[in-house]
Amino acid sequence: MFITYELEQTGDGLRETETPPVLAYKEFTVPGEVLSWKVGEFENPSGSNSYGVKVSYLNAEGEPEMQVIPVPASSRNVEVHRDKLPEKFEQAINRAA
C-alpha cells in the first residue's frame, strides 16, 4: 500500500514563477483488510501528537486495529492507494532515476 502526498517547494526568492510541488510517497503494510483512513493529528503510543494518516484495518483474528503513518504536516493532497502508485508518481520516480 502507498500513501502519496505533495509538498510545496520553497523558492529562492529570485524567481517569480510558481514551482511545481514535490511528489512524495511512503510504502506501508498492514496485516489485514483496510477499513478506512483519515488524515490529521493523532496521539501516538508515547502520548504526544503527530501528523499523519490513521489507517484502520482488520487483523488476522478479524478484530479492528489502527496504525498511524507519519507524513509532514505541510502535506497536501494526501491519498492512500491499495495496489500501486498513481502514474504521475511513477513518472516522477522514473525521471529522478
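Residues numbered from 1 in each chain as written. Predicted model: local features only at pLDDT ≥ 70, side-chain atom pairs only at ≥ 80, totals over all residues. Heavy atoms only, no water.

## Digging into the overall build of the protein
Here is step 1 of the chain: Within the protein one finds one helix and six strands.
Here is step 2 of the chain: Reading the secondary structure of the protein in the N-to-C direction produces β-β-β-β-β-β-α.
Here is step 3 of the chain: Its C-alpha radius of gyration of 16 Å places the protein more than 25% over the 13 Å reference for a compact globule of 97 residues.
Here is step 4 of the chain: In terms of overall dimensions, the protein has a C-alpha envelope of 55 × 30 × 20 Å along the principal axes.
Here is step 5 of the chain: Within the span of the protein, comprising 97 residues, buried residues form 27% of the whole.
Here is step 6 of the chain: Residue pairs at least 24 apart in sequence account for 49% of intrachain contacts in the protein once pairs closer than 6 positions are excluded.
Here is step 7 of the chain: On the protein, roughly 6900 Å² of surface is accessible, and the fraction owed to carbon and sulfur atoms is 48%.
Here is step 8 of the chain: If you average the places of the 9 positive and of the 16 negative side-chain charges in the protein, the two averages end up 4 Å apart. (Helix = DSSP H or I, 4+ residues; strand = E, 2+ residues; numbered from the N terminus. Rg over C-alpha atoms; globule rule 2.2 N^0.38 Å. Buried < 20%, exposed > 50% of the residue type's maximum accessible area, 1.4 Å probe, protein only. Contact = heavy atoms within 4.5 Å. Areas by Shrake-Rupley, 256 points an atom, 1.4 Å probe, with all protein chains shown as cover. Lys, Arg positive; Asp, Glu negative; His and termini not counted. Charge placed at Lys NZ, Arg CZ, Asp CG, Glu CD.)

## Here's the deal with the side chain of Glu6
Here is step 1 of the chain: Among the structural elements, Glu6 can be located in strand E1 (residues 2–7).
Here is step 2 of the chain: Polar side-chain contacts of Glu6 include one of 2.9 Å to the side chain of Asn77.
Here is step 3 of the chain: Of note is the side chain of Glu6, whose polar atom sits 3.1 Å from the side chain of Lys88. (Polar contact = N/O pair within 3.5 Å; in protein donor to acceptor, adjacent residues only side chain to side chain.)

## A look at the nonpolar core
Here is step 1 of the chain: Grouped together as the largest cluster of nonpolar side chains are 15 residues, with contacts concentrated most on Ile3, Tyr5, Phe28, Val30, Val53 and Val55.
Here is step 2 of the chain: Broken down by secondary-structure element, the contributors of at least two residues to this core are E1, strand E4 (49–58) and strand E6 (76–81).
Here is step 3 of the chain: With residues up to four places along the chain from it excluded, the contact list for Phe28 reads Met1, Phe2, Ile3, Val55, Ile69 and Val80. (Core = buried A, V, L, I, M, F, W, Y, C linked by side-chain atoms within 4.5 Å.)

## Digging into the pattern of salt bridges
Here is step 1 of the chain: According to the stated counting rule, one finds three salt bridges in the structure shown.
Here is step 2 of the chain: Taken together, the shared-partner salt bridges in this structure form one network comprising Glu6, Glu8, Arg76 and Lys88. (Salt bridge = Lys/Arg side-chain N within 4 Å of Asp/Glu carboxyl O.)

## Describing the sheet that holds strand E5 (residues 64–70)
The strands that make up a sheet are held in pairs by hydrogen bonds between backbone atoms, and each pair lies either parallel or antiparallel.
Here is step 1 of the chain: One open sheet holds the three strands; their spatial order is E3-E4-E5, and the pairing between them is antiparallel. Edge positions in the sheet fall to strand E3 (34–43) and E5, since each of these pairs with one other strand and no more. Along the sheet, successive strands turn relative to each other by an average axial angle of 25°, direction set aside.
Here is step 2 of the chain: In this structure, E3 lies alongside E4, joined through nine bridges in antiparallel fashion. In the sheet register, Trp37 faces E4, and the bridge partner there is Val55. (Pairing = 2+ DSSP bridges. Axes fitted to C-alpha atoms, helices over the stretch in contact; angles between N-to-C directions.)

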